[in-house]
Amino acid sequence: MKNTALTSVHEALGAKMVPFAGYNMPVSYEGVTIEHETVRTGVGVFDVSHMGEFLISGDGALALLQHICSNDISKIGVGGAQYNCLPNEEGGIVDDLIVYRIREKEYLAVVNASNIDKDWAWFNTHNHYNATLKNISEDFSLLAIQGPKAAAAMQSLTTVDLAGIKFYTFEIGAFAGAEHVIISATGYTGSGGFEIYCHNKDVAMIWENVFKAGANWGIKPIGLAARDTLRLEMGYCLYGNDIDDTTSPLEAGLGWVTKFTKDFVNSENLKAQKEAGVTRRLVGFVLDERGIPRQGYDIVDEEGTKIGHVTSGTMGPSVEKGIGMGYVQTTHTKADSKIYIQIRKKTIPATVVKTPFYKG
């Protein structure tokens, strides 16, 4: 089991620690609902240093990324970021990731912790472009400072104008006593804020200074359980739940990051799938009665015939309803369609809705 550079800090704070993606991670501190609401209304800090980071540089960097990524990497300017997925040859997804353009010929790919080894092998296998690849996952830490008060609470820690960093862009500057920190207006909560990439040697100091600066703003540490409820209320996909090696980006509603203006891995087959139409699609749904949907539960029609399965589900703390996502046959994907979730021996009615569930 790997530790992040802050594991001892979390343990001292009384966090409940659990194994996650090969790391010893804080799942909660005070409780999911309290932590969730802290991020929705104030500011909270996640240690997500388990995430993977690859540097891609050199003359072949753009060509490699264009080949393995579904989105159009040429559209990213220096200081910009872009959500992406890595299609596989069978129609599924190797991983979803964010690509940052650090310099003209240097990019940073941030991948899911559970897929670091798989993704690293994928990047190298497809590197027919002589790009320089460097896996820096073990050397860097990542803090997500999220919530509507994040910019105001953190502004005293940097001369960078935090409120001026637009969504999916970043600045590199001094932050919380450390130099050359990436301050990125990205996140996985839907409540605004920043992600801070720094060297492991600096993260304990940054964590301490962040909590000092945020004290008057009610800042709190937040665990992975609240990260999951926050992302689900936004309808954001989680790799391993809502997308995986068997799910097409078109089925998953990721057509918006699948650009057929270029060739990429399996693009011809995905283009044919788009033209033919998919037979199932990932939808969001709200339970019409009390209950909590969970991953793996069957989704049925009014006759009780199975039409799909739940991929993610929870009781949404901000929406105060049982919510979930799942793949269903396309005959049941329109908003307001009635579907039924098999929760143990009960069949609970639900309504298909457009995500996000939480409108903010």
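Just above, that's the structure.
Values in this document were obtained by computation on a predicted structure and should not be read as measured data.

Trainee: Lay out the sheet that holds strand β18 (residues 338-343) with the relevant residues and their values.
Mentor: The 6 strands are arranged β14-β17-β16-β15-β18-β19 in a closed barrel whose pairing can be described as antiparallel. Across the sheet, the axes of successive neighbouring strands diverge by a mean angle of 40 degrees, strand direction being ignored. Pairing of strand β15 (residues 298-300) with strand β16 (residues 306-316), which is carried by 3 bridges, proceeds in the antiparallel orientation. Within β16, the position partnered with D298 by the bridge is H309. Sitting on the sheet, helix α7 (residues 224-233) is in contact with β16 and β17 (321-329), with an inclination near 120 degrees to β16.

Trainee: Outline the environment of D96, listing residues and values.
Mentor: Mapped onto the elements, D96 comes out in strand β6 (residues 93-103). Each C-alpha atom of the pair D96 and E302 lies 34 Å from the other, and the pair is 206 residues apart in sequence. Within the structure, the side chain of D96 is placed 2.7 Å from the side chain of Y83, a separation counted as a polar contact. Among the polar contacts listed, one links the side chain of D96 to the side chain of N112, at a separation of 2.8 Å.

Trainee: I'd like to hear about the sheet that holds strand β13 (residues 220-221), residue by residue, with values.
Mentor: Sheet strands pair by backbone hydrogen bonding; their relative direction is either parallel or antiparallel. Taken in spatial order, the 6 strands line up as β10-β11-β12-β9-β3-β13 in an open sheet, and their pairing is mixed. Each edge of the sheet is formed by a strand with only one pairing partner; in this case those strands are β10 (170-175) and β13. Bridge count for strand β11 (residues 178-184) against strand β12 (residues 193-199) is 3 bridges, and the pairing is antiparallel. For I182, the partnering residue across the bridge sits in β12 and is Y197.

Trainee: Go over the environment of I343 with me, naming the residues and quoting the values.
Mentor: Among the secondary structure elements, I343 is positioned in strand β18. What makes I343 buried here is its relative accessible area of 7%. Residues I343 and I299 lie 44 residues apart in sequence; the distance between their C-alpha atoms is 9.4 Å. Dropping the residues within four chain positions of it, I343 is found in contact with L287, G291, I292, P293, Y297 and I348.

Criteria and cut-off values
Along each chain, residue indices are assigned from 1 in the same order as the chain's sequence is written. Side-chain atom pairs in this predicted model are given and counted only at pLDDT of 80 or more, local residue features only at pLDDT of at least 70, and totals for whole chains, interfaces and linings cover all residues. Side-chain metrics rest on all non-hydrogen atoms present in the structure, leaving aside hydrogens and water. Should DSSP find at least two bridges between two strands, the strands are taken to pair. Each helix corresponds to a stretch of at least 4 residues labelled H or I by DSSP, and each strand to a stretch of at least 2 residues labelled E; elements are numbered beginning at the N terminus. Every axis corresponds to a line fitted to the C-alpha atoms, with the helix fit spanning only the stretch in contact, and the corresponding angles, defined between N-to-C directions, vary from 0 to 180 degrees. Residue contacts are defined here by distance: any two heavy atoms, one from each residue, within 4.5 Å place the two residues in contact. Polar contacts, as used here, are pairs of N or O atoms within 3.5 Å; protein pairs need one atom able to donate a hydrogen and one able to accept it. Residues neighboring in sequence count only if both atoms are side-chain atoms. Burial classes: relative accessible area under 20% of the type maximum marks a residue as buried, over 50% as exposed, and values in between as partly exposed (1.4 Å probe, protein chains only).

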